[in-house]
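Summary of the model geometry
What follows is the residue order along each chain.
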Amino acid sequence: MGKLISATLTRAVLALLIVLALGPILWTVLGAFKELRDIVTPVPKLVFTPTLDNFATILRNPTIRDGLLHSVIVVSAAVLIGAVLGIPAAHTLARHARKWGDDVQFFVLSLRFMPPVAIAIPFIVIYLDLGIYDTLFGLVLVYLIVTVSTVIWLAVPAFERVPRDIEEAAAMEGCGPAEIFWRFSLPVAAPSLFGALVFTFVLVWNELLLALTLAAQNATLPVVAASITSLGKEVPWGVINAATVLLVLPPLVFIGLLMGLLNTMVRSGPK
Amino acid sequence: MANITCTDIVKAYGAHPVIEGLQLDIPDHEFVVFLGPSGCGKSTMLRMIAGLEEVTGGRIAIGGTDVTDLPPGERGVAMVFQSYALYPHMSVRDNITFGLRRQGASRAEIEPRLTQVAELLGLEKFLDRRPRNLSGGQQQRVAMARAMIKTPQVFLFDEPLSNLDAKLREKLRTEIRKIHMQLKTTTIFVTHDQLEAMTIADRIVLMRDGKIEQMGSPDEIFERPASRFVADFIGTPAMNFVHAEIVAGDRLTAHGGGMTLHLSPQAFTTLKPGQRVELGLRPARMDLCEPGAENALSGKVVLVENMGAEGQVITEVAGQEISFVTQAFRSLSPGDSVCFAISPDHIHAFDPETGDSLRQE
């Protein structure tokens, strides 16, 4: 009997925690489909006629549409280039340059110690001089500092966890260093690397300060979303909710795609 | 298949030498075991032959070709690792055939060879599984199949059985030996387990501190150890050692530790009265005897260890512990007085300073 009570209690607490965690997200998603009068009623409404007006408002709004597009381009490019540069660098550090590995890894991390505000202002000046202020290229460039360093920092331990014997067994079969990396180390470390990439993606996707200071016309979605609050006289709650949903959607889709890609990569050996 | 020649091999990590001037010749078809305590350089030696470790000095030749500067894949060797080192992201089939597929062998060529090795190692049922869904013994079989399918000139085994439980280890040991009798591929097998070495080897290379202490057949190593170290390392239970002095008389006799033992005059032709020696008495070569028999030792039983068919009896002889092995151990209990003897032919004598064997023949 006591067992039953404690089990029920545990479940109740768990259910409460889940509601607490997911409640706001769920409410935001619901809000995105509500008309303003359904949102601002004193008694919260669960049954309402859903509308796509909020999404239509956002997607018809050129500023928001462009913001979304810019975000996708800038963040994808920064994460992709960061991965292409950072992952091989991490493997080299983990396997061939262990002597300097710790120092390099610390240096790379130290890049992240700097508060973004500290680099934002010098970057404005430099970017203005170089003529890349308010360009997507400029944003990709500054985000690369974040993505490359984060990818290296997280990928070195991922590669260190790959058993050295596996790489040596591959060498015994005649594989060169590049082939060992591509066919063995990378697939074996893939699950951890995937986590590193997602983390990096989310980090730059939500970045506001550098985007706010280094771009004006070519702003990314967080900048635009931040400015939505001042769109009209009354706060457009539905539109803000819809914008939030849109902001969350790309990372989710990206994660799904990447997961599928990695799974196929891991499954197929050489044909 | 090929012979292996290592000339003046030196390996150093920084200024710290691990192997110094090692000479080794392994004839074709031979099953050689590198044996020694951990840190003696046996694994390093194997990895240098494999090409996974660079040699600091000296040359390695396999089948007459100098392979010292060749990458591992071009040496015609295949290796089985202690940790199995299977590719976790590939099925058993892909693991085994990876090397052949990489060389561009056709499916028609691979399939019969895969069937052959899978049959030899009993892996037919597991070909489509992932390595993580196999037991340790099955994983090691896959690793062996992966090495075998390439029909290499040389097999290298780096403590392949150390991660398995005792029963499975014995089974796989027999299998490896049987496979070698069938394929006759030159094999080097590294282990720190002397029993494993004794049972599996054509020839044992016993190493200590980066040098070869003794090289020979299991029988030679067991019956004529070249040094006290070898005598102590080989054999279970371990050899008894007694400090003694050669005494004058008509027979070659050593006296020490309250014991008087006759030695074989043919084996030790250089021993002189007054010379100090360290005698080695193998427990397995001693047995109970009547009092007054040749080389009889009398002592008090301290402990009897039951090993099934026979038992190890630890006795105290004039203040020193001496053990011997007998089948009649069940009639003994601690506190009993016993008499046991060793034939003069089975007594070893070592130089107490250098540890070298004083046996001449």
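Bear in mind the structure is a predicted one, so any value in this text is a computation, not a measurement. (Residues numbered from 1 in each chain as written. Chains lettered and ligands numbered in written order. Predicted model: local features only at pLDDT ≥ 70, side-chain atom pairs only at ≥ 80, totals over all residues.)

1. Topic: the overall build of chain B
- From N to C terminus, chain B includes 8 helices and 20 strands.
- Along the first, second and third principal axes, the C-alpha atoms of chain B reach 75 × 45 × 35 Å.
- Per-residue burial for chain B yields a buried fraction of 42% across its 361 residues.
- Long-range pairs, those at least 24 residues apart, make up 65% of the contacts in chain B with a sequence separation of at least 6. (Helix = DSSP H or I, 4+ residues; strand = E, 2+ residues; numbered from the N terminus. Buried ≥ 20, exposed ≤ 12 C-beta atoms within 10 Å, placed from the backbone. Contact = placed C-beta atoms within 7 Å.)

2. Concerning the domain arrangement of chain B
Residue and element names in this part refer to chain B.
- You can read the domains of chain B as domain 1 (4-233) and domain 2 (240-350).
- Averaged C-alpha coordinates put domain 1 and domain 2 at centres separated by 39 Å.
- Contact with domain 1, which involves 4 residues of that partner, is made by 4 residues of domain 2.
- Tallied by class, the residues present in the side of domain 1 that touches domain 2 amount to 2 nonpolar, 1 polar and 1 charged. (Domains from an automatic or database assignment. Nonpolar A, V, L, I, M, F, W, Y, C, P; charged D, E, K, R; others polar.)

3. Digging into unusual backbone geometry
All names here are of chain B.
- Note that the residue after Thr 236, namely Pro 237, is joined by a cis bond; omega there is -5°.
- Within the secondary structure layout, Pro 237 lies in the loop between helix H8 (228-233) and strand E11 (240-247).
- We note that Tyr 84 has phi near 70°; this positive angle belongs to a residue other than glycine.
- Position of Tyr 84 relative to the elements: it lies in the loop between strand E6 (77-80) and helix H2 (92-102).

4. Considerations on the sheet that holds strand E14 (residues 276-281) of chain B
All names here are of chain B.
- Read from one edge of the open sheet, 5 strands run E13-E12-E11-E14-E20, paired in antiparallel fashion. In this open sheet, the two strands that pair with only one neighbour each are strand E13 (259-262) and strand E20 (347-350). For this sheet the average axis-to-axis angle between neighbouring strands, irrespective of direction, equals 40°.
- Bridge count for strand E12 (residues 253-256) against E13 is 4 bridges, and the pairing is antiparallel. The partner of Ala 254 across the bridge, within E13, is Leu 261. (Pairing = 2+ DSSP bridges. Axes fitted to C-alpha atoms, helices over the stretch in contact; angles between N-to-C directions.)

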